[in-house]
Amino acid sequence: MQPLIIDLTGKKVVIAGGGRIAARKAKVLSAEKALITFIAPEISEEVRIHAKEHNYELIERAALPSDFSGAMLVILATNSRAVNGSLAKILPANQLVCVVDESGDGNVTFPATVRRGHLQIAVTSNGSSPKLTRKLKRELEKQFDESWIGYTDWLYEMREKVKQLDLSHEEKQQILWDLLEDEYKEETARQHLLSEGRLNGMPG
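Scoring rules and cut-offs
Residues numbered from 1 in each chain as written. Predicted model: local features only at pLDDT ≥ 70, side-chain atom pairs only at ≥ 80, totals over all residues. Heavy atoms only, no water. Pairing = 2+ DSSP bridges. Helix = DSSP H or I, 4+ residues; strand = E, 2+ residues; numbered from the N terminus. Axes fitted to C-alpha atoms, helices over the stretch in contact; angles between N-to-C directions. Contact = heavy atoms within 4.5 Å. Phe/Tyr/Trp six-rings, centres within 6.5 Å; stacked < 30°, edge-to-face > 60°. Buried < 20%, exposed > 50% of the residue type's maximum accessible area, 1.4 Å probe, protein only.

Caption draft 1: View of the sheet that holds strand S1 (residues 12-16). Read from one edge of the open sheet, 5 strands run S3-S2-S1-S4-S5, paired in parallel fashion. Bordering the open sheet on either side are strand S3 (57-59) and strand S5 (96-99), each of which pairs with just one other strand. When strand polarity is set aside, the average angle formed by the axes of neighbouring strands in this sheet is 15°. Bridge count between strand S2 (residues 35-39) and S3: 3 bridges; the pairing is parallel. Bridge pairing in S3 places Thr37 opposite Glu57. Relative to the sheet, helix H1 (residues 20-30) contacts S1, S2 and strand S4 (73-76), its axis offset from that of S2 by approximately 175°.

Caption draft 2: Layout of the packing of aromatic side chains. For the structure on display, the rule yields 5 aromatic pairs. A centroid spacing of 4.9 Å and a plane angle of 65° characterise the contact between Phe144 and Trp148, whose relative ring orientation is edge-to-face. Overall, the relative accessible area of 15% leaves Phe144 in the buried class. Between Tyr151 and Trp154, the aromatic rings sit 6.4 Å apart at their centres with planes inclined by 15°, giving stacked as the arrangement. Here Trp154 and Tyr151 lie together in helix H5 (residues 147-163), a separation of 3 residues that amounts to about one turn.

Any functional reading would require information that these geometric values do not contain.
Have a look at this one:
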């Protein structure tokens, strides 16, 4: 399996299923601004609320092969292993397909993800141990705390400024490496705490 970071902004995503797992996948993709359509004979209240909040389409019937045409990503999350498997078999080989109850039937899995501003860390055990994946995610969330949001914002701004400098490629690269020194990370972490008021009254 080759990890990829894919921009789903404005892309069509079809979710076959209307239950808890379908809602969970949709909530992840909502942050990516994907255009989601749910297809299922029965739609849960959780899915209905989420769809209404984001103006997603609801189709209340069993999914048909034609429903997935033009979708960049398909998520098969019905409550039937047989239905998920049969739908996976008829989809084009070059379409991105996630089969929630049998990852081997599709070509896409959802990793556990930690997001801190521009930083995104994904971890998966490729199905060998979901508990290990969750454990590692919790550890990463502690290691990369909220201060990394400001730090990665700052790194982005600095990179844009360095790109405009009248310097050689090698000189620019050296500056970018220098910006990764711990002192800069510590300062942005301090500024983050100040902005939250958690260092009020402490000496600068």
